Amino acid sequence: VQLVESGGGAVQPGGSLRLSCAASGFTFSSYEMRWYRQAPGKEREWVALIRSAGSITKYADSVKGRFTISRDNARNTVYLQMNSLKPEDTAVYYCNTDLSGPRQYWGQGTQVTVSS
């Protein structure tokens, strides 16, 4: 299993970024995918999830209405569109799956910095 995030960067408050996570080594279309984030000095927190077919999505309250998770099963990629970014969104963002088992799989993370 390999998860590779990209798309992070520095943006001003109110700006937008689109994160991507390219997956390989498993049947991507069969599994739920998630985004997490970890800010400096804080625990890693769940941000959003999308079920295998993409028809069901869920969001943390802190990002609801601003972030959108989506997936392209033909490209084995999950996305996180982030709009109206706030300084408190600054974190390393991680792609995650558990392949419906007890083990967690993580990417290397991509840094998002929101600052004026």
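Scroll up to find the structure this text is about.
Because the structure is a prediction, the values reported are computed rather than measured. (Residues numbered from 1 in each chain as written. Predicted model: local features only at pLDDT ≥ 70, side-chain atom pairs only at ≥ 80, totals over all residues. Heavy atoms only, no water.)

## Regarding the sheet that holds strand E3 (residues 17-24)
Spatially, four strands are ordered E1-E3-E8-E7 in an open sheet, and the strand pairing comes out antiparallel. Each having just a single partner strand, strand E1 (2-6) and strand E7 (67-72) make up the two edges of the open sheet. Strand after strand, the sheet turns through a mean of 15° between neighbouring axes, direction not considered. Of the pairings in the sheet, the one linking E1 to E3 comprises five bridges and is antiparallel in character. When the sheet's bridge partners are listed, Val4 is paired in E3 with Ala22. (Pairing = 2+ DSSP bridges. Helix = DSSP H or I, 4+ residues; strand = E, 2+ residues; numbered from the N terminus. Axes fitted to C-alpha atoms, helices over the stretch in contact; angles between N-to-C directions.)

## Comments concerning the pairing of E3
The side chains of a regular strand alternate between both faces of the sheet. The sheet contact formed by E3 and strand E8 (residues 77-82) spans six bridges and is antiparallel. Each bridged residue has a counterpart across the sheet, and for Ala22 the counterpart in E8 is Thr77.

## Some remarks on the nonpolar core
Ranked by size, the top nonpolar core spans 28 residues in total, and within it Trp35, Val78, Leu80, Met82 and Tyr93 carry the most contacts. Breaking this core down by element, the ones donating at least two residues are E3, strand E4 (33-38), strand E5 (45-50), E7, E8, strand E9 (91-97) and strand E11 (110-114). Per element, the largest residue contribution to this core is four residues, and it comes from E3. Setting aside residues up to four positions removed in sequence, Met82 forms contacts with Gly15, Ser16, Leu17, Leu19, Arg66, Phe67, Tyr93 and Val112. (Core = buried A, V, L, I, M, F, W, Y, C linked by side-chain atoms within 4.5 Å. Buried < 20%, exposed > 50% of the residue type's maximum accessible area, 1.4 Å probe, protein only. Contact = heavy atoms within 4.5 Å.)

## Side note on the environment of Ser16
Here Ser16 lies in the loop between strand E2 (9-11) and E3. Judged by relative accessible area, which is 39%, Ser16 ranks as partly exposed. Through-space distance from the C-alpha of Ser16 to that of Ser84 is 6.2 Å; in sequence the pair is 68 residues apart. When residues no more than four places from it in sequence are discounted, the contact partners of Ser16 are Val11, Gln81, Met82, Asn83, Ser84 and Leu85. Within polar-contact distance, the side chain of Ser16 engages the side chain of Asn83 at 2.9 Å. (Polar contact = N/O pair within 3.5 Å; in protein donor to acceptor, adjacent residues only side chain to side chain.)

## As for the packing of aromatic side chains
Each aromatic ring pair is specified by the distance between its two centres and by the angle formed by the two planes. Counted by the stated rule, this structure contains four aromatic pairs. Ring plane angle 70° and centroid distance 5.0 Å describe the contact between Tyr36 and Trp106, whose orientation is recorded as edge-to-face. Of the two residues, Tyr36 sits in strand E4 while Trp106 sits in strand E10 (residues 105-106), which places them 70 residues apart along the sequence. Looking at Tyr36, the relative accessible area reads 18%, which means it is buried. For Trp106, a relative accessible area of 34% translates into the label partly exposed. Grouping aromatic residues by their ring pairs yields a cluster made of Phe26, Phe28 and Tyr31. (Phe/Tyr/Trp six-rings, centres within 6.5 Å; stacked < 30°, edge-to-face > 60°.)

Any functional reading would require information beyond the geometric quantities listed.
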